[in-house]
Amino acid sequence: MVVPLPRPIPPSIDLRVNGRVERLVVDGAVPLLTVLRNDLGCNGPKYGCGLGQCGACMVLVDGAAARACAIPLAGVAGREVTTLEGLGRFDGRCASADELHPVQKAFIATQAAQCGYCLNGMIIATVALLRRHPKPTEAQARSALSHNLCRCGSHLEILAAVQLAAHGMAEGASVSNVMP
Ligand code: FES
Ligand code: FES
């Protein structure tokens, strides 16, 4: 009879997600996306290609857009991870936002979705863009989103949402108040 050896327990990793510190006992090689969705219940980031190519899984890491499917958990230890759930004012680790971020409001106002699967990545990429360029040109917006795939062809509405969000944030106004 073969007695299986006990599996080694991985060391714990402290992960900062949406302003809270989570102590996880997970293999550091596991993709961040898997931990967010399976262990922390953050289902904003989507699993698309799993290869770092489509952008559906994007999160902010220290304020920069990053592809959570392609980052091992150990790679973000001690860094600030923000998911879609953490963009607005939120109550709890990954609770639904009770007040949406202006970029989220702009995407709703422009109806920039068909199936919506790409929107997590589009919104995260837009938030990161507007941090770098508060008033992006169309070329800058196209470039920032050029590696986020939308299979439904909602690109024109998405670009309109970027400009609406930029305008609303520049004015400090509710996006709903700047709609024509
Ligand atoms: S699922 Fe991460 S880039 Fe496609
Ligand atoms: S709205 Fe369907 S993939 Fe973009």
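Let me begin by describing the structure that accompanies this report. (Residues numbered from 1 in each chain as written. Chains lettered and ligands numbered in written order. Predicted model: local features only at pLDDT ≥ 70, side-chain atom pairs only at ≥ 80, totals over all residues.)

Here we take up the pairing of strand β3 (residues 58-61). The pairing of β3 with strand β4 (residues 64-67) spans 4 bridges and is antiparallel. Each bridged residue has a counterpart across the sheet, and for M58 the counterpart in β4 is R67. The loop that links β3 with its antiparallel partner β4 comprises 2 residues; one of these, D62, has a positive phi angle of about 50 degrees. Sheet topology note: the β3/strand β5 (residues 80-82) ladder contains 2 bridges and is antiparallel. For V61, the partnering residue across the bridge sits in β5 and is V81. (Pairing = 2+ DSSP bridges. Helix = DSSP H or I, 4+ residues; strand = E, 2+ residues; numbered from the N terminus.)

Time to look at helix α4 (residues 138-145). Residues of α4 that are buried: A141, A144 and L145. The buried residues of α4 occupy one face: seen down the axis, they fall within an arc of 85 degrees. Of the exposed residues in α4, those oriented more than 90 degrees away from the buried face are A139 and S143. Packing partners of the buried residues in α4 comprise α3 (119-132) and α5 (155-171). (Buried ≥ 20, exposed ≤ 12 C-beta atoms within 10 Å, placed from the backbone. Arc of directions from axis to C-beta. Contact = placed C-beta atoms within 7 Å.)

Right, let's get into the sheet that holds strand β1 (residues 13-17). With mixed pairing, 5 strands are arranged side by side in an open sheet as β2-β1-β5-β3-β4. Of all the strands in the sheet, just β2 (20-24) and β4 have a single pairing partner and so form its edges. Within this sheet the neighbouring strands show an average axis-to-axis angle of 40 degrees, counted without direction. Relative to β5, β1 runs parallel, the two sharing 2 bridges. Within β5, the position partnered with R16 by the bridge is E80. Sheet strands in contact with α3 are β3 and β4, and its direction is about 30 degrees off that of β3. (Axes fitted to C-alpha atoms, helices over the stretch in contact; angles between N-to-C directions.)

Right, let's talk about helix α2 (residues 102-109) for a bit. Where burial is concerned, most of α2 is hidden: 6 out of the 8 residues are buried. Buried within α2 are the following residues: P102, V103, Q104, K105, A106 and F107. Contacts made by the buried residues of α2 are with α3 and α5.

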